[in-house]
Amino acid sequence: MKSLKENFQLGRIVIIGSGIIGKFNALELSELGFQVTIVDPTQHQNSSNAALGLLMGNIYQKRRGRSWDLRKQSIELWPQWITFLQKFNYELNIEKPLIQLTTNKEKFKKLEKFIHENNDLNLRILERDSIFIKNINKAFQTKNLKGIISFQDGRINALSLLKTLDKYLKYKKVNFLEGEIIKIKKSNNQWISTTRNNENIKSDIVILCNSLKALDLLDNLSHNIKLKPVLGQAMEIDINDAEVDLLSLPKQFNINGKNIIPKSKNKLIIGSTDEYSTKPEENIFEKLTDFLDKTPNWLIKGKISKKWYGIRSKPDGEPSPIMKNFEDGLILCTGFYKNGFLLAPACSKWITNEVKNYLY
Ligand SMILES: Cc1cc2nc3c(=O)[nH]c(=O)nc-3n(C[C@H](O)[C@H](O)[C@H](O)COP(=O)(O)OP(=O)(O)OC[C@H]3O[C@@H](n4cnc5c(N)ncnc54)[C@H](O)[C@@H]3O)c2cc1C
């Protein structure tokens, strides 16, 4: 990232929220030389820490409009950021490819149409005799799975990325304050963010990256933004069946909407669904394993070794994400109910441009 390091010493920026969006913004802005402070009461208990890290860019079927533009930009930016961040964690990488499978004939027809219409060499229909399909059908004891492969999409280890960002932000001496902002107001041309402990933090710019809670800090009447909570759940399952070798499967794939990540010969992660609820469900095992007409026995007999969930925010009445510059040094970046990891680089680029335009 040679073009960075412009050294904007004058701008003081407060980022509220330290999920992937807040941290990624802090990365780019601090690399440019801005004085960044991040504020968050619980940086390890957010939806970013629950994410599986799948980067679904090219596989996205709508190839026009703002959503595709953001994806396209992120797809281009990710390899550059990975190279940059490898200085702080040489193991950080994007595991490719990504496979999307369905047992539904109509859905498969749509996937075929998408591949034929787009003529993208990085996307292919998986042939019946491909080793991926053969191994997945064998493991899941079905013959009906069909789908596509995207060679440029994949997965980043979400927790490892968040830790690497922490390392970088520490190295850059980015100020991290453990606290909850309960009020923001503008006074004498500067922003004052007040914590629950009554501390005031002054800055030229405030960036709201605090997901659902952004609404609490905005004057709803004048800004008219609506967000809904969306539950996402995941679990790690131990398999006790000598016949099954999960390592024969691709590194990450999606069957009928469920993301599956084999971790070892007998351990796999399954997530995540979109549910309009704010509490995890009791029957998470049944919910997350119910993606085929007949669940294979080895999966039914599996035991949950870990389960977790996160609540993300979905815009109500407008597309995701919401990125708004209120023109007075207040910027909003929220509503990432999906794809926060994929979109972080493009959104952070947008914010950086808005910050530069406002200050200079
Ligand atoms: C199970 C699951 C699987 C997922 N899988 C994927 C995936 O594979 N790929 C992908 O791209 N996305 C995935 N996602 C979605 C992804 O997690 C989100 O898009 C992303 O985490 C949103 O990040 P964020 O920074 O906007 O919000 P969050 O990570 O929720 O961060 C918001 C932060 O704001 C802080 N905050 C709130 N209020 C205040 C306040 N008043 N003052 C200070 N701080 C405050 C909170 O403490 C929190 O840390 C998944 C989500 C879940 C739950």
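Residues numbered from 1 in each chain as written. Predicted model: local features only at pLDDT ≥ 70, side-chain atom pairs only at ≥ 80, totals over all residues. Heavy atoms only, no water.

**Things to note about the domain arrangement of the chain**
Now for step 1: Looking at the assigned domains, one finds that the chain contains domain 1 (12-89 + 157-226 + 317-359) and domain 2 (97-151 + 228-315).
Now for step 2: Computed over C-alpha atoms only, the centres of domain 1 and domain 2 are separated by 29 Å.
Now for step 3: At the junction of the two partners, domain 1 supplies 24 residues and domain 2 supplies 29 residues.
Now for step 4: When domain 1 packs against domain 2, close to 2,200 Å² is buried across both sides, 65% of that on carbon and sulfur atoms.
Now for step 5: For domain 1, the biggest contributors to the area lost against domain 2 are Leu52, Ile59 and Tyr337; these three give 32% of the whole.
Now for step 6: In this structure, the connection of domain 1 to domain 2 is made through 1 salt bridge.
Now for step 7: A salt bridge links arginine 63 to aspartate 120, with the nearest nitrogen and oxygen atoms 3.5 Å apart.
Now for step 8: Between domain 1 and domain 2 we count 8 residue pairs in polar contact (both at pLDDT 80 or more) in total.
Now for step 9: The residue inventory of the side of domain 1 that touches domain 2, partitioned by class, reads 12 nonpolar, 8 polar and 4 charged. (Domains from an automatic or database assignment. Contact = heavy atoms within 4.5 Å. Buried area = accessible area lost by both parts, 1.4 Å probe. Salt bridge = Lys/Arg side-chain N within 4 Å of Asp/Glu carboxyl O. Polar contact = N/O pair within 3.5 Å; in protein donor to acceptor, adjacent residues only side chain to side chain. Nonpolar A, V, L, I, M, F, W, Y, C, P; charged D, E, K, R; others polar.)

**Some points on the site of the ligand**
Now for step 1: Lining the immediate environment of the ligand, one finds 36 residues, of which Asp40, Ser48, Leu54, Ile181 and Phe336 sit closest.
Now for step 2: One of the side-chain N or O atoms of asparagine 46 is found 2.9 Å from an oxygen atom in the ligand.
Now for step 3: Here an oxygen atom of the ligand and a backbone polar atom of glycine 53 are 3.1 Å apart.
Now for step 4: For the ligand, whose free accessible area comes to 1,000 Å², the fraction covered by protein is 94%.
Now for step 5: Mapped onto the shell around the ligand, the elements with two or more residues apiece are helix H1 (20-31), strand S2 (35-40), strand S14 (227-238), strand S18 (303-315) and helix H10 (340-359).
Now for step 6: Split by domain, the shell around the ligand shows at least three residues from each of two domains, domain 1 (12-89 + 157-226 + 317-359) and domain 2 (97-151 + 228-315). (Near = heavy atom within 4 Å. Areas by Shrake-Rupley, 256 points an atom, 1.4 Å probe, with all protein chains shown as cover. Helix = DSSP H or I, 4+ residues; strand = E, 2+ residues; numbered from the N terminus.)

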